[in-house]
Every structure is written in structure tokens, then in C-alpha cells.
Amino acid sequence: MKNVDKKKKWVNILLFINFLSAIGIPCLGNFIDKITVYYFIISIISFIIIVLITKKVIIRGFIKYICAYYLILIISTMMNHQPLYSILGEAALVLPTMIIWYSFDRKNFKKYLPTIVLVLEILTYINFLMIIIFPEGLYNQGFIRKYYLFGHINITFRYLLPGCCFNMIRSYLYNEKLDKRCILYLLVVLLTLIINWPVTAIIGVIVFFICFFASNKHLKVQKILKPINSLVITAGVTISMLTFKIQNIFAIIISNIFHKEATLSGRINIWNTALYYIKDKLVLGYGRLSIDARNLYFNATSAHNQFLIFLFEGGIILMALIIVIFIKISKNLKESNNIEINSIIISTIASYSIMWIAEPFSYSGTLLMFLVWMLAYRSEYLFNIDRK
């Protein structure tokens, strides 16, 4: 028994180190140019030790989809003679951690899930304290203000949303309801967003809670909100905004409540620019470009729309892969009978999908997004319960 407890303790410590290094601390990247190298070394070493202790590695199922994702981007990047360090570095951080968590059976997943939650709780609370202590930002970059532990306020929800998802799942797995620890985390997340008011994140959290309360214990609503439907709906909204300018219909709401222009802070122009380039390399796209190269194309750090980013970087081949993934995870969620946890995962993916319209998720927070997809893919195996 002592040996088992000792093994669990060491695995928990290594998982904590591996997960923290894999998601990184965004603000440090602005001070240490090659911080990713240190993250990579720590992640790989901890991965190897965890595999040696647990003696289990599974590279199939959802892992094959993630491997295909990075293979497409690597090939596209090479074909366009772009540097590979960015996409290879991301793959080297994401894949080992994905393999670790995919290899856990139901018992071990429940046992070690609190480690993910603990990492995100610590980072979230530190980020919140920074907001309170430094209301004008821990640091600024040029005219862009308010950077904290998670980086700029606009990307904070890339870490907070999956944090809500994992914490709520932990709460339901252990207590069959939202416990005080989870409620505290959700309140801190809400306060973080209310204080800084990042519009896309505000919309994302509203969608998340509406979907959760609407679908919790309601199978019919879950069928309507399944991931593939969320993907189709938000893709349709993107197309409508580009083709029919439907954002002008909501111009009063956009300007009065969210204090944004109908062009969504210039995003419409960026999207049109992205479309201009996408049509020239529709099959495999341009690959993963450096920030400087993306600035030359878009006059911005990205296309500010995840659908367009998929098409720009990997063409219709990458977009087809994403559609296949969403079809598969929708099917697997349908076969899981844990209604409460299904509701959490469906709501998280719906929130992601709506935020894809205006924000990129390919350059930070990618691992967390993939982990949510993995939970959906394995929901039947991880979360099925015996109901009387």
C-alpha cells in the first residue's frame, strides 16, 4: 500500500510539472526569448519518467487525429519554405501531454484529474491577484495594455474556459454536484472577466453558462448543441458576417454594450484580407508563419478567426480534418450516458466555437482546447455510469 501511495505521489508531482511546462506561462515568453526551449526540455523529461512509472502508452484513437493535425501543418510549412521551429515546438509540447492523459484508464483519469485542476487554479488565482494589485497591467507592450500572467487580457479566457470545464468535471466526478471549490473558481473567473471586460470572452462565458444550464439533465437540448452543430452554426455566422454584413444589424448593441465598432475592431477587414490569400493556396494553405510574417499578411498578429486560420495554415485538408474530429466527438458524446458531464463538455465546445469567430486559439491555449476535445472523444469510456 505504501508503494502504491508513493507511486501516486510521484506521478502527481510529475504530472503537475509536465502540465505546467506544456501549457507554459504566456507572460514569461515576453521576457525570455527562448523560454519554449526550457518548457520543451522539462515536458519531455517528465513525460519519459511518467511513462517509465506507469508503463503504459497509447498512441491511437484521438492521438492519431492530433498527429494528423500537426503533420498537415508541418508539410504545409515546409512546402511554403517557412521556418519549422514554431510548429515543431508546439507539437513537441502538446503531443507528450496528450499521450499521457489519453493513456489513463477511467480509474487513473479520475485519480489524476485534480492535478490539471490544481495547476489551472493556481495560475488563475495568481492572475486574478495581479489584476487587483496592478489594475493597469503587470506590463504593457507598446500601445497594447494590460498584460498579466496569462498574457494580454484578450487571451485570458483561453486558459479560464478549460479551467472551468476541468474543475466542473472534477466536481461532478467526486461530489455529483458543483462543490464550494468549483464555485469559488467560477466566481474568480467571472470577476476576472468583469474587471477587464474582454468582449469575446464575455460572449464566450455567457454562451457557456446558457448552454450548461439549458442542457444539464436535458438530452434533447444536448442533441441540438452537439459539437458538430456548434461548428456549423458558428461557421455560418462567420460566412454571413463576411457575405451579408449581418454585424450591422447589431451595430447598436455592439457599440453601446460592448463598446466596439461594427467592424469588430477592424476584424472584418482582416478577415477579407485572409480570404484574399486563402484562395491562392486553398488545398494546403501557407503553413505556420512567424508573428512577423503574419503581420505582413494581415497587418495583425493573426486572421482573428479560427476558421480562417485553419484554412490559411492548412487549407481545406486541415479544415476537413477538424470537421471529421467534430463529427467523431459528437458521436461519442451521444453514446455516453453521463448527462451532467456531457453538458459541461458540450457547453465548453460551444463556447470555443462562438469565440472562434473573433479570436485565434492556435497560438496559445491549444493544448487545453485539444484536451477538451479528447474528453469528448473518450466520454463514453471515461464517464459512462451505471444508472438504476
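Report follows, based on the coordinates. (Residues numbered from 1 in each chain as written. Predicted model: local features only at pLDDT ≥ 70, side-chain atom pairs only at ≥ 80, totals over all residues. Heavy atoms only, no water.)

With that settled, the discussion passes to the environment of Phe47. Residue position: Phe47 is located in helix 2 (residues 35–54). A relative accessible area of 17% places Phe47 in the buried class. Once the C-alpha coordinates of Phe47 and Ile100 are considered, the two residues, 53 residues apart in sequence, prove to be 7.3 Å apart. (Helix = DSSP H or I, 4+ residues; strand = E, 2+ residues; numbered from the N terminus. Buried < 20%, exposed > 50% of the residue type's maximum accessible area, 1.4 Å probe, protein only.)

What follows concerns the packing of aromatic side chains. In this structure the tally under the stated criterion is 31 aromatic pairs. Between Phe109 and Phe383, the aromatic rings sit 5.9 Å apart at their centres with planes inclined by 70 degrees, giving edge-to-face as the arrangement. Of this pair, Phe109 sits in helix 5 (residues 106–133) while Phe383 sits in helix 17 (residues 379–383), and the two are 274 residues apart along the sequence. Taken individually, Phe109 and Phe383 each receive the classification buried, so the pair is uniform in this respect. An aromatic cluster of three or more residues is present, and its members are Tyr69, Tyr70, Phe307, Phe310, Phe326, Trp356, Phe370 and Trp373. (Phe/Tyr/Trp six-rings, centres within 6.5 Å; stacked < 30°, edge-to-face > 60°.)

Relative to the helices and strands, Ser353 resides in helix 15 (residues 339–356). Owing to a relative accessible area of 1%, Ser353 belongs among the buried residues under this scheme. Beyond its immediate sequence surroundings of up to four residues, Ser353 is in contact with Ser230, Leu231, Thr234, Phe307 and Phe326. (Contact = heavy atoms within 4.5 Å.)

Moving on to the nonpolar core. Ranked by size, the top nonpolar core spans 123 residues in total, and within it Met98, Trp101, Phe166, Ile169, Trp356 and Trp373 carry the most contacts. Looking at which element gives the most residues to this core, the answer is helix 14 (residues 306–334), with 14 residues. Residue contacts for Met98: discarding those within four places in its chain leaves Phe62, Ile63, Ile66, Leu367, Phe370, Leu371 and Met374. (Core = buried A, V, L, I, M, F, W, Y, C linked by side-chain atoms within 4.5 Å.)

This next bit is on the packing of helix 6 (residues 157–175) against helix 16 (residues 366–377). Relative to each other, helix 6 and helix 16 sit at 30 degrees, their axes nearing to 9 Å. Considering only the axes of helix 6 and helix 16, their crossing is left-handed. In this structure, helix 6 contributes Arg158, Tyr159, Pro162, Cys165, Phe166 and Ile169 to the contact, and helix 16 contributes Leu368, Leu371, Val372 and Leu375. In terms of residue class, the contact of helix 6 with helix 16 is built from nine nonpolar, no polar and one charged. (Axes fitted to C-alpha atoms, helices over the stretch in contact; angles between N-to-C directions. Left-handed = near helix turned anticlockwise from the far one by under 90°. Nonpolar A, V, L, I, M, F, W, Y, C, P; charged D, E, K, R; others polar.)

The topology assignment puts Thr156 in the loop between strand 3 (151–152) and helix 6. Residue class for Thr156 comes out buried when judged on its relative accessible area of 4%. One polar contact links the side chain of Thr156 to the main-chain carbonyl oxygen of Ile153, over a distance of 3.3 Å. Beyond its immediate stretch of four places on either side in the chain, Thr156 contacts Asn127, Phe150 and Thr192. (Polar contact = N/O pair within 3.5 Å; in protein donor to acceptor, adjacent residues only side chain to side chain.)

Here the focus is the environment of Met369. In this fold, Met369 is placed in helix 16. Since its relative accessible area comes to 1%, Met369 is described here as buried. As a C-alpha pair, Met369 and Tyr159 span 210 residues in sequence and 9.0 Å in three-dimensional space. Here Met369 is in contact with Tyr352, Trp356 and Phe361, once residues within four sequence places are set aside.

Any functional reading would require information beyond the geometric quantities listed.
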